[in-house]
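Each chain, letter by letter, is given below.
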Amino acid sequence: MKVVIVGGSDAGVSAALRIKELEPSFDVLIVTKDHYPNFSVCGLPYLHSGEIKDFTSLFHRTPKDLEALQINLQLDTEVSMIDSAKCLVVTSHGDEIAYDTLILGTGVLPRKLPVLDDLQSPSVFYLHSPCDGERLETYIRKKHPRSALVIGAGYIGVEMAEAFATRGISSYLIERNDQIFPSAEVSHSNRIQEALEAKGVKVYTSCGVKTASKTEDTKVSITLTNQEALEVDIVIVAIGVLPNSTLAQAAGLASDAQGAIVVDHHMRTSDPRILAAGDVVHTFHRILQRFAYLPLGSTAHKQGAIAGEVAAGSVAHEFKGSVGTQVLKVFENVFATTGIKLAQSLHEGYDPVLVEIEADDHKAYYPGAKKIFLSLLGDKITGKLLGVQMYARTTAAVHKRIDVAATALYNDMTVADLLDLDLSYNPPLGSPWDPLQVAAAEWLRKTATFKASSQR
Ligand SMILES: Cc1cc2nc3c(=O)[nH]c(=O)nc-3n(C[C@H](O)[C@H](O)[C@H](O)COP(=O)(O)OP(=O)(O)OC[C@H]3O[C@@H](n4cnc5c(N)ncnc54)[C@H](O)[C@@H]3O)c2cc1C
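Residues numbered from 1 in each chain as written. Predicted model: local features only at pLDDT ≥ 70, side-chain atom pairs only at ≥ 80, totals over all residues. Heavy atoms only, no water.

1. Observations regarding the overall build of the chain
- Assigned secondary structure in the chain consists of 13 helices and 25 strands.
- The C-alpha radius of gyration of the chain comes to 24 Å, within 12% of the 23 Å expected for a compact globule of 456 residues.
- When each of the 456 residues of the chain is scored for burial, the buried share is 53%.
- Pairs at least 24 residues apart make up 62% of the contacts formed inside the chain by residues separated by at least 6 positions. (Helix = DSSP H or I, 4+ residues; strand = E, 2+ residues; numbered from the N terminus. Rg over C-alpha atoms; globule rule 2.2 N^0.38 Å. Buried < 20%, exposed > 50% of the residue type's maximum accessible area, 1.4 Å probe, protein only. Contact = heavy atoms within 4.5 Å.)

What follows is the structure in structure tokens.
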């Protein structure tokens, strides 16, 4: 059996590894346009901050490691066409490669900003692939930039603003929405903004780029929509991504309104011989109970492994879905989120109640206690937990505390159920009632008041 995998990143490599684990005799070939397969692009901001010194240390596995597992690689090769009738792919070098099963893990393409693309400036960067990261890092080391503009304050934008500040490059971060990190509740978004500003990042919301031009010395002159004029050494465009599905669509595979490939819970596409996984597909959202677009590395790894199981012909377990769990480090602080936020819950027709509390991460009498700011969202009618967000110092372990909430959401628990969870306690590490349970109790108090007043 020959399995051809297009894409050598999280989804594609996870699929290959799983096939080899289950069916070592299968012929597995990864064809990827990248020069660096199985590379942690998630680590790039920490290379650019200077905290990680060596680009090559970001490989999850080197090409040699993959080849040692008998996974064949065809690097620097773009697949330009799928001939699904003949079961073959055509590469940009003109080669035809036949397959029994094809797996697509072609990921995303960054959204473009024409006003900056038109400049064709060497100082304008997108940060999406390992080569993008390599190019940016080479540029920083050679040119020693002193100022940067980051456009878009999602997680990549925030991480890059932090990276530049850590490296001593003064940075501006602009966001067209009225808050940065739009998937955060406003209170947490304000905290993220304060943390950035405390380290010197200049943050503008409700702001975009009006005009851009090049100067002779490779700087970029920008006028913002708030009329401010900037001249910076580097511009990073991080305004979101789109599924990279042109190849799949040209082959006639079904895709959704956003262009994400339509798959079932076993990562099967509308063609019985083609599977797809990762950022190029739509993802089942367990809270919304429908498919949505949730491109994340954590999901791509899981979906890739399932595609691999199906390709190996084994009884694959289903992809059970995502609950939208995400974590973001902002200097010495962490923002963590799972589930949906207030605005989305209203849009979905829930009757939501949001509580926001502050609680110590461990008993205050033990040195070093830090506040956790926690918001908890539940549905008043059913008592269902809908979402939790936390913000605290890195030492408060909110990145793991959010995983308790994610597990609760995965299991469709109510807010009241949270009070019954047997969570750990030791004074230097926690409290008899975890902050998540303190928030749950507050939510129940608040909704009891609602019930009482509506009965009157
Ligand atoms: C800076 C940054 C930080 C991130 N941080 C996090 C994080 O902290 N946590 C998290 O969960 N996620 C994070 N992500 C997102 C995460 O990296 C992606 O969700 C994940 O890489 C998706 O994996 P994928 O394999 O589906 O697609 P991609 O990683 O996009 O890979 C697509 C692959 O397909 C190849 N390809 C595309 N088209 C073709 C073609 N026609 N022919 C041949 N090859 C092709 C590409 O070369 C590439 O190898 C981050 C992303 C970036 C850019």
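And the narrative resumes.
2. Details of the pattern of salt bridges
- Applying the stated criterion across every chain, the model contains 15 salt bridges.
- The salt bridge partner of glutamate 332 is lysine 199, with a shortest N-O separation of 3.2 Å. Here the residue glutamate 332 occupies a position in the loop between β21 (326-330) and β22 (333-339), and lysine 199 occupies one in the loop between α7 (186-198) and β12 (202-204), the gap between them amounting to 133 residues.
- Relative accessible area serves as the criterion here: at 33%, glutamate 332 is assigned to the partly exposed category. (Salt bridge = Lys/Arg side-chain N within 4 Å of Asp/Glu carboxyl O.)

3. As for the sheet that holds strand β3 (residues 71-74)
- Taken in spatial order, the five strands line up as β3-β2-β1-β7-β18 in an open sheet, and their pairing is parallel. Both outer strands of the open sheet, β3 and β18 (274-276), are each paired with one neighbouring strand and no more. Here the strands of the sheet are splayed against their neighbours by 20 degrees on average, with no regard to which way each runs.
- Where strand β7 (residues 101-104) and β18 come together, three bridges link them in parallel fashion. Among the inter-strand pairings, isoleucine 103 is bridged to a residue of β18, identified as leucine 275.
- Along the sheet face, helix α1 (residues 10-22) touches β1 (2-6), β2 (27-31), β3 and β7 and points at about 170 degrees away from the line of β2. (Pairing = 2+ DSSP bridges. Axes fitted to C-alpha atoms, helices over the stretch in contact; angles between N-to-C directions.)

4. A few points about the sheet that holds strand β4 (residues 79-83)
- Strand order in this open sheet of three strands is β4-β5-β6, and the pairing throughout is antiparallel. Taken across any chain shown, the strands that pair with only one partner, and hence form the sheet edges, are β4 and β6 (96-98). With strand direction ignored, the average angle separating the axes of adjacent strands in the sheet is 25 degrees.
- Pairing of strand β5 (residues 88-91) with β6, which is carried by three bridges, proceeds in the antiparallel orientation. For valine 90, the partnering residue across the bridge sits in β6 and is glutamate 96.

5. Some remarks on helix α6 (residues 155-166)
- Over its 12 residues, α6 extends 16 Å from the first C-alpha to the last, a length consistent with the 16 Å expected when each residue adds 1.5 Å.
- Residues of α6 that are buried: Gly157, Val158, Glu159, Met160, Ala161, Glu162, Ala163 and Phe164.
- Just past α6, the residue glycine 168 takes up positive phi, approximately 85 degrees. (Expected span 1.5 Å × (residues − 1).)

6. A short note on α7
- Taking 1.5 Å per residue as the helical rise, α7 with its 13 residues ought to reach 18 Å, and the 18 Å between its terminal C-alpha atoms agrees with that figure.
- Taken as a whole, α7 has its buried residues at Ser187, His188, Ser189, Ile192, Gln193, Ala195 and Leu196.

7. Side note on the packing of aromatic side chains
- Within the structure shown, the criterion is met by nine aromatic pairs.
- Look at tyrosine 36 and phenylalanine 55: their rings are 5.0 Å apart centre to centre, the planes differ by 70 degrees, and that puts the pair in the edge-to-face class. With tyrosine 36 in the loop between β2 and α2 (44-48) and phenylalanine 55 in the loop between α2 and α3 (63-68), this residue pair connects regions lying 19 residues apart in the sequence.
- Of the residues examined, phenylalanine 55 reaches a relative accessible area of 12% and is grouped as buried.
- Judged by centre distance (5.5 Å) and plane angle (75 degrees), the ring pair of phenylalanine 181 and phenylalanine 335 falls under edge-to-face. Taken together, the residues span a long stretch of sequence, with phenylalanine 181 in the loop between β11 (170-174) and α7 and phenylalanine 335 in strand β22 at a distance of 154 residues.
- Assessed through its relative accessible area of 4%, phenylalanine 181 is described here as buried.
- Taking NZ or CZ as reference, lysine 112 lies 4.1 Å from the ring centre of tyrosine 126, over its face.
- Here the basic side chain of arginine 286 rests over the ring of tyrosine 410, its NZ or CZ set 3.8 Å away from the ring centre. (Phe/Tyr/Trp six-rings, centres within 6.5 Å; stacked < 30°, edge-to-face > 60°. Lys NZ or Arg CZ within 6 Å of the ring centre and 35° of its normal.)

8. Things to note about the domain arrangement of the chain
- Here the chain is partitioned into domain 1 (2-41 + 59-108 + 242-311), domain 2 (112-237) and domain 3 (326-455).
- The distance between the C-alpha centroids of domain 2 and domain 3 comes to 32 Å.
- Taken together, the contacts link 19 residues of domain 2 with 18 residues of domain 3.
- For the pairing of domain 2 and domain 3, the buried interface totals around 1700 Å² over both sides, and the portion due to carbon and sulfur atoms is 59%.
- Considering only the side of domain 2, the residues that lose the most area to domain 3 are Glu162, Glu185 and His188, jointly responsible for 36% of the buried surface there. (Domains from an automatic or database assignment. Buried area = accessible area lost by both parts, 1.4 Å probe.)

9. Regarding the site of the ligand
- Close to the ligand lie 33 residues, the nearest being Ser9, Asp34, Val79, Asp279 and Gly297.
- With respect to the ligand, the backbone of alanine 11 contributes an N or O atom lying 2.9 Å from an oxygen atom.
- Aspartate 34 has a polar side-chain atom sitting 2.8 Å from an oxygen atom of the ligand.
- Residue assignment for the shell around the ligand shows that the elements contributing at least two residues are α1, α6 and α9 (297-311).
- Among the residues forming the shell around the ligand, the class breakdown is 14 nonpolar, 13 polar and six charged.
- Looking at the shell around the ligand, you find at least three residues from each of domain 1 (2-41 + 59-108 + 242-311) and domain 2 (112-237). (Near = heavy atom within 4 Å. Polar contact = N/O pair within 3.5 Å; in protein donor to acceptor, adjacent residues only side chain to side chain. Nonpolar A, V, L, I, M, F, W, Y, C, P; charged D, E, K, R; others polar.)

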